[in-house]
Each structure stands twice: as structure tokens, then as C-alpha cells.
Amino acid sequence: MKTKIFACTVAAVALGSFAGVDAASARDQIQIAGSSTVLPYANIVAEQYGKAFSQFKTPVVESGGSSAGLKQFCQGLGEKTIDVANSSRAIKDAEVKACGDAGVKEIMEIRFGYDGIVFATDAGGPAWALEPKDLYLALAEQVPVNGKMTSNPNKTWKQVNDKLPDWPITAYIPGEKHGTREVFEEKVLHGGCKATGADKLLIAAAEGADDGAKKKAADKACVKVRKDGASVDIDGDYTETLARLKSNPKGIGVFGLSFYENNTDKLKVATMSSIAPSVETIATGKYPVSRPLFFYVKKAHIDVTPGLKEYVEFFTSTKMIGADGPLAEYGLVPLPEAELKALQDAVKTAKTM
Amino acid sequence: MTVDAPIADGHPLPRLNDPARLRTRYAAEARFRIYGVAALSIAIAFLFGLFASIISNGWSAFLQTKAHVPVYLDPAEIDPDGKRDVSRFGLADYTKLARDALSKAIGLPEKQDKATKRDLKGLLSRAIDVQIRDLVVADPSLIGQTITVPLLAHGDVDSLLKGAIDRSIPEERRQLNDRQLQWIDKLTADGVLKKDFNAGLFAYGASSQPESSGLAVALIGSLFMMLTVALLAVPIGVATAAYLEEFAPKNFWTDLIEVNINNLAAVPSIVFGLLGLAVFINFAGLPRSASLIGGLVLTLMTLPTIIIATRAAIRAVPPSIREAALGVGASKMQTLFHHTLPLAFPGIMTGTIIGLVQALGETAPLLMIGMVAFVVDIPSSVMEPATALPVQIYMWATSAERGFVERTAGATIVLLGFLFVMNAAAVYLRRRFERKW
């Protein structure tokens, strides 16, 4: 027993000292963190990069959300911090400032493509043709009735729009921690708010010191979602939304285009303003609900972390994010050609924000 | 026999053997038993439901569809200058070689339009280039020969043959088109496409495609972390418990320590993750995502469990053993090492294994230290990035591709298998070494 405990202690000490030695040497692997929407794309690139550059290790891609990723990104420079932050939204001014305070002054912003947001129902149901207006009237907390804002009286989709099926309103929308929610609010609810004229009513009713404050308050009220159970926040991911639709085939869910394209047999997609979402309609801007995807790179790390420069160039190459690349195959909406060219030039010169 | 009931507050208490009262008491007991059996049945039904669902979803993850086609390793493509230069091998278009081989197996003409090529490519995994390249790099003498390679089929083909993709739905909504279905049927009938044991599930790291993703990184990461926990938590935990139980004076400070240890056992595991981030990464400067940090964090988490279990085991050793040892002149330390600890050993082992099992199933503390990540390269030391089994399950569960559904359940089976083996070991050790007094 004595010898055993002695052996354990020796092993523990050995483990500890071994750790100390190794940590002093430089990191030889790219570290990436951030958005779970960007994660599958970054995974594909990391995997292909690992195959193409056998001299470098395959990057490690953490998920955890855009905000968490950017927070880590702005912790400072050096090998303890990550090299790249994936984000499904543009970096905020406050974050740029936080970065600058921590010494991350030169940031390369790379907008590598677009992601569509689609509305889909169970594959067995009828076809849906939605307008932002319909979703607003179905899901907003307050809607205009006879020129007055009242709490949402609509119970079925048919009450909202005669062409929609007579289903009780149940929508599974991304929870507030998701970047997708912001796009949903901005492009769908806000759009619907304007189309129904509710924004004017809200501005008239809003309290505020001046017109700007009133407009702000109205904008906020526009995107408020009803809380009587007709709209369900999904804080998990799209697989959870899919499971909810399976158990309630009369619900409607919000998905990313790539998720839908991988599950076309289980989902039926709704058209938005009579445009069906696809890589083409989103790339040309016809389908209204889309958002750009980003990743951010620390310029100071480019020459320090081995392979980082190659990773950024590889990610932005036409082979990866072009129209025939594996990312587009997965569901990424590629950049228009001119934008792609401009991006590649910016990467070559390592242009910072 | 009648018992005279005592009188309290002027009311006679009912006689204990009053038949009416006896009946209600028996009935109450019978009801209580029924509640117990019902609760147990519900628990067993849930357990069976869970197992049935996981196994029925996951057993197919242990099989993988592969296309056994003869691939001509064309020297003109792989080694155009004939120098057998290994670094040149990486540049060849192996996907094209595989596609040509597959098209020959289907019996398509050599000249093909773009759509045909795309459909053919859609039947095979993106990982086949590495598959063939590894063969060539391992044995360059194969160049110029035609060898039969079990090429990984695309995840959609695999899902179709396993019934996870419905053939009857209209072509435009199906992942595979009608022509691809025809080819798949022909290849299956010819015995080219068939399901084999999925060794890749244990050999590959993370991948963006279901067919080429495996548990290797997660298994090794979990193993490293368990080793770290076992090497650190057991000696520290046992030493702490032995000291507190046998040597420490009973005063305010030891009471405070004891209360804190008991409280630590109930602290949510994510808190340990935050601590790990602050101490091991930001302060000590250890690399992110490394399994060593995961092991250290889990050690902190497991320590209270081990300390509490060890103290209980040491306390369960009868004082007569200690007194006898001390009586014949053994020192306190000799008593501890020669008698108390060996007798407490089964209890310590059980506590340790239960602590390890708990640690094996944790994901929350790993999130903070960067181990919930996509890691392709298989780690060779505790300092390299790795993931853990439950993390891999979580990552697969959130993936969009159909093939990841069965893999999620398959990985759960593997994790449950490990937990089962470890628990069985705990039970065995207890039975084998337990002493009855």
C-alpha cells in the first residue's frame, strides 16, 4: 500500500511537471471559438485545411455563441487567447472598444457569406405562402385592430390571412440568446410592423422626449413577441425545433437554410413574399430574410500562430466559399463574385477594420 | 388477548388489537406496498423505454455502408514524374480515381456530363481522398495496380440504406435523386455497396460529415481525463480523508473544513469550469482545450465525493481493529496503513469509481475551458486539444445531417457501456473485498 501511494504521488508530480514544461512552448494550433451557426462551416474548412496542409495541425473550433466567442477574442493577445472568432453578426462598437483596451487593436473582419432564415412546417402539411405582415400579426404582442393597438387577438393562422390554413398559431422561434432572433425581429417582425402601419400607431402612442426617442420606443414595441404561448422560444438549436414540429405537426418553426436543406424530407418550407428560399434567391437578394456571416482574425497573431495566414486564405478561397465549394453545398449562400474578389484582395493585404 | 389501553387526557386510547383498527392498518400497509411497486414499475418502464429508444436508434451506427470497388491507382495521376516522392502523393485527385472506379462499377460510359459527375460524387464521402491517399503513402508499390478499396459511401447513401431517408417522398425534396437511387439499388444488388462493421466510429476524430466522424478524440480525451483524475484525486482525497478522520484534532477549523467539503460536493459543476478557466488557463497559462485542464477541473469536482466516501469507509472500520493494533504497539500511522486503509479499501474504491463515473459524464465544466470543440487530430498527450464522450454526443446531437442522429445514439451506447463497466467494477470490488463484522 505504501509503495502504491508513493507511486501515485510520483505519477502526479510527473504529470504536473510535464505540464509546466510544455506550456512554455508556443502554441502550434489555430484556436477558433464563437457562433454555433458558423460552426458547421468552420468545421468543414478546418477539416479540409487539415487535409490540404499536412505541415500544420487541424484548427480547433469551439462553439458557444457569437457573443461568448467575441468576448474571448477581446481578452487580449498571446497564445492563451484565441486567434479567430466566428460570429453570426457584425462586431459591436463596444466589443471593438473592449478589444482595443485589451490590446487587440488590429482586427481583420471577414464576411464570408450569407445565411438564409426560413420558415418551415412539417412535410405532411399544406404549402404556406407567408408575408412578414402575417408573421407580425400572428406573433406580435400588440397588433393594430381598427386603427388601434390592442393585445393580439388572433388565435389561428386563418384569422391572420385567409389563404393560410386554419391551424392554431404555434410558432417555434429562436430564443433571445440566438443571433438568429435578431434577424427575425429586424427583417420579419419589423417589416411586418411597417407593412401593417402599426409602427405609425406605436410612434403616436409612444412616450419620449423627442421624435428619436419615440421612434426607438416604437421600434422596440414593434418586435415584442406575444407571451401567451402562441410563440415558443427555442433556446436550444434547430434539432430541438425539428423535434417540436414532429410532436406538433401543426406548428411552424424557424430554421437556418442549411439545416432545412439537410432535412428537406422532413420539412416543408414556406415562401416569403412569394419567394421560395434557396441559395440563388438569397444570393440575389430576392428572399428577404438573410444575414451575413463573419469571422474575425487578430492581425497580430498572423505571424505568430503557425498556419493562421494560410487558414484565412484557405477559408476565403473560391475553392471553399465559391458557388461550387463545399460550404455552398452545405447551405452557405456564397458572396456575389465582385464581393468575393474584394474580400480576397483585402485578405491578401491583411486589411484591418 | 386484550390489552388494557392507558387513559390519556380522559380519552381511552383504542385497543391495539381492535379488529377494525387492525384491518385499516393492514390496508394502509398494502396500499403503501402497492405505491412502492408502482413507483418501481414506472422507473423500470422509463429505463426500458430509454434503453429501447437509444439502442433502436443507435445500433445502426455500428454499421457503415461502404462501396467495395476496384480502384485503379493511376501512376499518371498520383506519381506523374515516377519519382515515388511521398510529398507529391498528397496533390493527386483521388476523388476522381474513386469516381471513375464507381462509374465503372455502375457501368456508365467513360464520357460524362457535369450533372452525372456530380451525382456520382454525391454517392461517395468527401473523406475518400484521404482514405486512398493513406493507402498509397503507406505502400507506394501499390501505384499502378488495381486494388479493391472499401470506399466510404456518402452519409445520405448510408442513411438511405438504413431506412433513415424515405424513398417514397418526391424527388425534389429527397436528398438523393431518382438516378442516384437506381445506381444505389444496382450497386447493392451487385454486392458492391454493403454494410460492414463501422471501425471508423472508434478510429476517426471529429468530422463535418457523419460517415467519417468518429469517437477517437473523445475516447482518448476521456481516458486522459480519467487518468488525471485517478492520479490526482485519489491520493489527495484519500490522504485528506485519512488525516481528517484519524489525526486531525476536533476543533472549529476542522469542523469548518468538513462543512465546506460537504458543501463543495453540491456545487454545480459549471462553477468548477469557471474556476478552471480562471486558475488553470488565465493564471497558470496552460493551453486551452487540453485534456489536462479538463482532468484538473474534474479532479476538483470529484475530490469532495472521494473524500466523503473515504471518510465513511474509514469510519466503518470497527474501532476494535485500531485498538488491537495500537494495543500491540503499532504507531498511529502503522495502524492506518496496515489495518484501517486496507480494510476500508473496498469502500474507497467504490467511492472513487462513482466519482469517476460522475466525472466521465460531465460536459458543463468542459464548456468553459474550451473542450466543447471540433477537434480532428487525435491527441497524443494530455497537453493537446481533445474533447470528451458526452461532449461529442452533444456536438453530434446539434448537427443537421441525418447520419448524425444514429451516431448520437451510438455514442450514447458507448458512453453507457463505459458507465456500466465502471459501475460493475465498483460492485465487483465491493463484493470481492468487503468484510462483514
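Note that this is a predicted model, so its numbers are computed, not measured.

Peer 1: What should I look at first to understand the confidence of the model for chain A in this one?
Peer 2: Predicted coordinates in areas of low pLDDT are best not read in detail. Residue and element names in this part refer to chain A. Residues at a pLDDT of 70 or more form 92% of chain A, whose mean pLDDT is 84. Ranking the elements of chain A by mean pLDDT puts helix α1 (residues 2–24) last with 48 and strand β3 (residues 84–87) first with 93. The low-confidence segment residues 16–25 (pLDDT under 50) makes 13 contacts with residues lying over four places distant or belonging to another chain.

Peer 1: Is there a simple way to think about the packing of helix α15 (residues 332–360) of chain B against helix α18 (residues 403–433) of chain B in this case?
Peer 2: All names here are of chain B. Remark: α15 packs on α18, axes separated minimally by 8 Å, with the N-to-C direction vectors making an angle of 170 degrees. As the angle between them shows, α15 and α18 are arranged roughly antiparallel. Judged by residue contacts, Phe345, Pro346, Met349, Thr350, Ile353, Leu356, Val357 and Leu360 of α15 engage Leu415, Phe418, Leu419, Met422, Asn423, Ala425, Ala426, Leu429, Arg430 and Phe433 from α18. The residue makeup of the contact of α15 with α18, split by class, is 15 nonpolar, two polar and one charged.

Peer 1: Would you take a moment to explain the packing of helix α4 (residues 94–106) of chain B against helix α6 (residues 128–138) of chain B for this structure?
Peer 2: The geometry of a pair of packed helices is captured by two quantities: the angle between their axes and the separation between those axes. Residues and elements named next belong to chain B. Running from N to C, α4 and α6 cross one another at 100 degrees; their axes reach a closest spacing of 8 Å. Taken together, the axes of α4 and α6 are roughly perpendicular relative to one another. When α4 is examined against α6, the residues Tyr94, Thr95 and Ala98 are found in contact with a partner set consisting of Ile128, Asp129, Ile132, Arg133 and Val136.

Peer 1: Got a minute to help me understand unusual backbone geometry in this structure?
Peer 2: Working note: non-glycine residues mostly have negative phi, and peptide bonds are mostly trans. Although it is not a glycine, Ala350 of chain A adopts a positive phi angle of roughly 55 degrees. Position of Ala350 of chain A relative to the elements: it lies in the segment after α16 (337–348).

Peer 1: Explanation requested: the state of the cysteines in the structure shown.
Peer 2: Put plainly, a disulfide is one covalent bond tying together the sulfur atoms of two cysteines. All names here are of chain A. Tallying each qualifying case throughout the model produces two disulfides over all chains. Each disulfide pairs two cysteine sulfurs, and for Cys74 the partner residue is Cys99, the sulfurs being separated by 2.0 Å. Around the S-S axis, the bridge from Cys74 to Cys99 shows a dihedral of about -75 degrees and counts as left-handed. Placement of the pair is Cys74 in the loop between α3 (66–73) and β3 and Cys99 in helix α4 (residues 93–101), with a sequence separation of 25 residues. Residue classification places Cys74 among the buried positions, given a relative accessible area of 8%. You can call Cys99 buried: its relative accessible area is 0%. Sulfur-sulfur distance for the disulfide between Cys193 and Cys222 comes to 1.8 Å. Because the torsion about its S-S bond is -65 degrees, the bridge between Cys193 and Cys222 counts as left-handed. With Cys193 in helix α7 (residues 179–195) and Cys222 in helix α9 (residues 211–222), this residue pair connects regions lying 29 residues apart in the sequence.

Peer 1: Teacher, can you tell me more about helix α12 (residues 269–283) of chain B here?
Peer 2: In an α-helix, one turn spans 3.6 residues, which is why side chains three or four residues apart end up on the same side. Residues and elements named next belong to chain B. Counted at 1.5 Å a residue, the expected span for α12 with its 15 residues is 21 Å, and the 20 Å between its end C-alpha atoms agrees. Of all the bends in α12, the greatest measures close to 30 degrees and is centred on Gly276. Among the residues of α12, those classed as buried are Ser269, Phe272, Gly273, Gly276, Leu277, Phe280 and Ile281. Against the buried residues of α12 lie α11 (252–264), α13 (291–316) and α16 (364–368). Following α12 by one or two positions, Gly285 has its phi on the positive side, about 75 degrees.

Peer 1: What's the story with a nonpolar patch on the surface in this structure? I'm lost.
Peer 2: Residue and element names in this part refer to chain B. Taken together, Leu47, Leu50, Phe51, Ile55 and Trp59 make up a surface patch of nonpolar side chains, about 490 Å² in accessible area. For Phe51, the position within the fold is in helix α1 (residues 19–58). We classify Phe51 as partly exposed; its relative accessible area is 33%.

Peer 1: How should I be thinking about the environment of Pro70 of chain B in this particular structure?
Peer 2: Residues and elements named next belong to chain B. One can find Pro70 in strand β3 (residues 63–72). Residue Pro70 is classed as partly exposed on the basis of its relative accessible area of 44%. As a C-alpha pair, Pro70 and Phe280 span 210 residues in sequence and 52 Å in three-dimensional space. Ignoring any residue separated from it by four or fewer positions in sequence, one finds Pro70 in contact with Ala101, Thr146, Ile147 and Thr148.

Peer 1: Looking at this structure, how should I read the sheet that holds strand β4 (residues 146–152) of chain B?
Peer 2: Two pairing modes exist for strands in a sheet, parallel and antiparallel, and in both the strands are linked by backbone hydrogen bonds. Residues and elements named next belong to chain B. With antiparallel pairing, the three strands of this open sheet are ordered in space as β4-β3-β5. Looking at which strands have only one partner, the edges of the open sheet turn out to be β4 and β5 (193–197). For this sheet, the mean angle separating the axes of adjacent strands, direction not counted, is 40 degrees. Relative to β5, β3 runs antiparallel, the two sharing five bridges. When the bridges of β5 are listed, Ala67 appears paired with Leu193. In the packing of α4 onto the sheet, contacts are made with β3 and β4, and the angle to β3 comes to roughly 95 degrees.

Procedures and definitions
- Residues numbered from 1 in each chain as written.
- Chains lettered and ligands numbered in written order.
- Predicted model: local features only at pLDDT ≥ 70, side-chain atom pairs only at ≥ 80, totals over all residues.
- Heavy atoms only, no water.
- pLDDT = per-residue confidence, 0-100.
- Helix = DSSP H or I, 4+ residues; strand = E, 2+ residues; numbered from the N terminus.
- Contact = heavy atoms within 4.5 Å.
- Axes fitted to C-alpha atoms, helices over the stretch in contact; angles between N-to-C directions.
- Parallel < 35°, antiparallel > 145°, perpendicular 65-115°, else oblique.
- Nonpolar A, V, L, I, M, F, W, Y, C, P; charged D, E, K, R; others polar.
- Disulfide = S-S within 2.5 Å.
- Buried < 20%, exposed > 50% of the residue type's maximum accessible area, 1.4 Å probe, protein only.
- Expected span 1.5 Å × (residues − 1).
- Bend = angle between axes of the 7 residues up to and from the residue.
- Patch = residues over 30% accessible without salt bridge, like charges linked within 9 Å, V, L, I, M, F, W, Y side chains within 5 Å.
- Areas by Shrake-Rupley, 256 points an atom, 1.4 Å probe, with all protein chains shown as cover.
- Salt bridge = Lys/Arg side-chain N within 4 Å of Asp/Glu carboxyl O.
- Pairing = 2+ DSSP bridges.

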